[in-house]
Amino acid sequence: PLVPLKQILDNAIAGGYGVPALNVNNMEAIQAISAAAKKVKSPLIVQASRGALKYTNLIYLKHLMMAASEENPEIPMALHLDHGDNIESVKTAIDLGFTSVMIDASHHSYEENVRITKEVVDYAHQFGVTVEAELGTLGGIEEDITGEVQLTDPDQAEDFVKTTGVDCLAVAIGTSHGAYKFKSEPKLAIDLVKTISDRVHIPLVMHGSSSVPVELREQINKYGGAMPDACGVPISAIQAAVKNGVAKINVDTDLRMAMTGAIRKVFVEQPDKFDPRDYCRPGREAIQAQAEVKMTAFGSAGHA
Ligand code: G3H
Ligand code: 13P
Ligand code: NA
Ligand code: ZN
């Protein structure tokens, strides 16, 4: 059934496991991640960015997500707005039936972040909708970037959670979004997760958590792609973060790469094909395989 994200995350904290939050933009991705959840018996966090909602004209994504929940009534499923930017995007998502929203006002001043987040919490909680907010900034590609990256401050986190009443908090511990995160194995501030968790007592969220697996990039490049080398977040770092209080782990890039690699392979190996089902089906299977990997590695498999 559709459940508030809070329920999934509270269970995860109690059970000591993490749950992947998987971004979707189309039918194949939604089918793939719900098939994965069904197969490995994992709770499911389906998340849509503002870009995903725009791409699908809102209504298509809404009905595709509802179809996933109707098809899999046994799976606890949260529909989550990723990186909502203001109260309007939050209201739109709640009107569509989302059970959870992120308000990311972390680029504003601290006081403004508090004000906007509190407004969203007061609004969303009337509907039983969970709220995720963010404190700090995610990292850039270069490890030696300084100044821009602002890791989450534990004192501020404690005050922020107390003042806003937010349900879960995205923390900045050195990760960044996208396929080009690090030049070499990153050093993430896993200890900071524990410090913050001990202060705020709510589930923590890790963004930018794709591992950017070498084999996915190699497949893309083998079949005509041109993705430069880069390192992602090691699974072991995510597992350590989960032990220290992270319950929701955001993954988008790895799913995108999986689908792209599978489609490219069909295009190169079977250039006579022109029925979209001939390449969308392997694309969908590749997303499902990645989703199963995350659910198993983060520990949510077996907990639906
Ligand atoms: O946080 C970013 C997510 O990967 C979504 O990306 O805004 O391109 O849909 P998007
Ligand atoms: P990745 O780009 O590492 O997959 O991160 C996705 C994310 O944080 C979505 O909010
Ligand atoms: Na931020
Ligand atoms: Zn993110």
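Residues numbered from 1 in each chain as written. Chains lettered and ligands numbered in written order. Predicted model: local features only at pLDDT ≥ 70, side-chain atom pairs only at ≥ 80, totals over all residues. Heavy atoms only, no water.

Trainee: Any chance you could explain a nonpolar patch on the surface here in plain terms?
Mentor: On the surface, Leu 58, Ile 59 and Tyr 60 cluster together into a nonpolar patch covering about 290 Å² of accessible area. Note that Tyr 60 resides in helix 4 (residues 59-71). Using a relative accessible area of 56% as the deciding quantity, one classes Tyr 60 as exposed. (Patch = residues over 30% accessible without salt bridge, like charges linked within 9 Å, V, L, I, M, F, W, Y side chains within 5 Å. Areas by Shrake-Rupley, 256 points an atom, 1.4 Å probe, with all protein chains shown as cover. Salt bridge = Lys/Arg side-chain N within 4 Å of Asp/Glu carboxyl O. Helix = DSSP H or I, 4+ residues; strand = E, 2+ residues; numbered from the N terminus. Buried < 20%, exposed > 50% of the residue type's maximum accessible area, 1.4 Å probe, protein only.)

Trainee: I'm lost on the side chain of Asp 82 in this one. Help?
Mentor: Of note, Asp 82 is situated in strand 3 (residues 77-84). No salt bridge is formed by the buried Asp 82; its nearest oppositely charged neighbour, Lys 248, is found at 5.1 Å. When near neighbours in sequence (up to four residues on either side) are disregarded, Asp 82 contacts Asn 23, Gln 47, Ala 48, Ser 49, Arg 50, Met 102, His 207 and Asn 250. (Lys, Arg positive; Asp, Glu negative; His and termini not counted. Contact = heavy atoms within 4.5 Å.)

Trainee: Honestly, the coordination of the zinc ion (ligand 4) in this entry has me stumped. Any pointers?
Mentor: Around a metal, the perfect tetrahedron of four donors has angles of 109.5 degrees, and the perfect octahedron of six donors has angles of 90 or 180 degrees. The coordination sphere of the zinc ion (ligand 4) contains the protein donors His 83 (NE2), His 177 (NE2) and His 207 (ND1), at a distance range of 2.0 to 2.1 Å. Spacing between the donor residues of the zinc ion (ligand 4) along their common chain follows H-x93-H-x29-H. Residue His 83 is located in strand 3, and its partner His 177 is located in the loop between strand 6 (168-171) and helix 8 (190-200); the two are separated by 94 residues in the primary sequence. When its relative accessible area of 17% is taken as the criterion, His 83 is described as buried. Since its relative accessible area comes to 45%, His 177 is described here as partly exposed. (Donors = N, O, S within 2.8 Å, 3.2 Å for Na, K, Ca; no water.)

Trainee: Sorry, what's going on with the sheet that holds strand 2 (residues 44-49) here?
Mentor: Within a beta sheet, neighbouring strands are joined by backbone hydrogen bonds and run either parallel or antiparallel to one another. Taken in spatial order, the eight strands close into a barrel running 1-2-3-4-5-6-7-8, and their pairing is parallel. The sheet shows a mean angle of 25° between the axes of neighbouring strands, direction not considered. Of the strand pairs in this sheet, strand 7 (residues 204-206) and strand 8 (residues 246-251) are connected by three bridges, and their pairing is parallel. Across the sheet, Val 205 pairs through a bridge with Lys 248, a residue of strand 8. (Pairing = 2+ DSSP bridges. Axes fitted to C-alpha atoms, helices over the stretch in contact; angles between N-to-C directions.)

Trainee: Explain the coordination of the sodium ion (ligand 3) to me, please; I cannot follow it from the model alone.
Mentor: For the sodium ion (ligand 3), the protein coordination sphere consists of Ser 106 (OG), Glu 134 (OE) and Gly 136 (O), at 2.2 to 2.6 Å. Spacing between the donor residues of the sodium ion (ligand 3) along their common chain follows S-x27-E-x1-G. A single burial state applies to Glu 134 and to Gly 136, both of which are buried.

Trainee: Would you take a moment to explain the pattern of salt bridges for this structure?
Mentor: Opposite charge on two side chains makes pairing possible when the charged atoms of those side chains draw close. Tallied over the entire structure, the rule returns 16 salt bridges. The partner of Lys 6 in a salt bridge is Asp 10, and the shortest N-O contact between them spans 2.8 Å. Highlighted residues: Lys 6 and Asp 10, both in helix 1 (residues 5-15), separated by four residues, approximately one helical turn. Residue Glu 132 is joined to Lys 248 by a salt bridge in which the shortest nitrogen-to-oxygen separation is 2.7 Å.

Trainee: Hey, could you run me through the site of ligand 1 in this one?
Mentor: Taken together, the neighbourhood of ligand 1 is formed by Asn 23, Ser 49, Asp 82, His 83, His 177, Asp 252 and Arg 256. One nitrogen or oxygen atom from the side chain of His 83 is found 3.3 Å from an oxygen atom belonging to ligand 1. Separating an oxygen atom of ligand 1 from a side-chain N or O atom of Arg 256 is a distance of 3.1 Å. Isolated, ligand 1 exposes 310 Å² of accessible area, and the fraction of that covered by the protein chains is 64%. Looking at the shell around ligand 1 residue by residue, the classes come out as no nonpolar, four polar and three charged. (Near = heavy atom within 4 Å. Polar contact = N/O pair within 3.5 Å; in protein donor to acceptor, adjacent residues only side chain to side chain. Nonpolar A, V, L, I, M, F, W, Y, C, P; charged D, E, K, R; others polar.)

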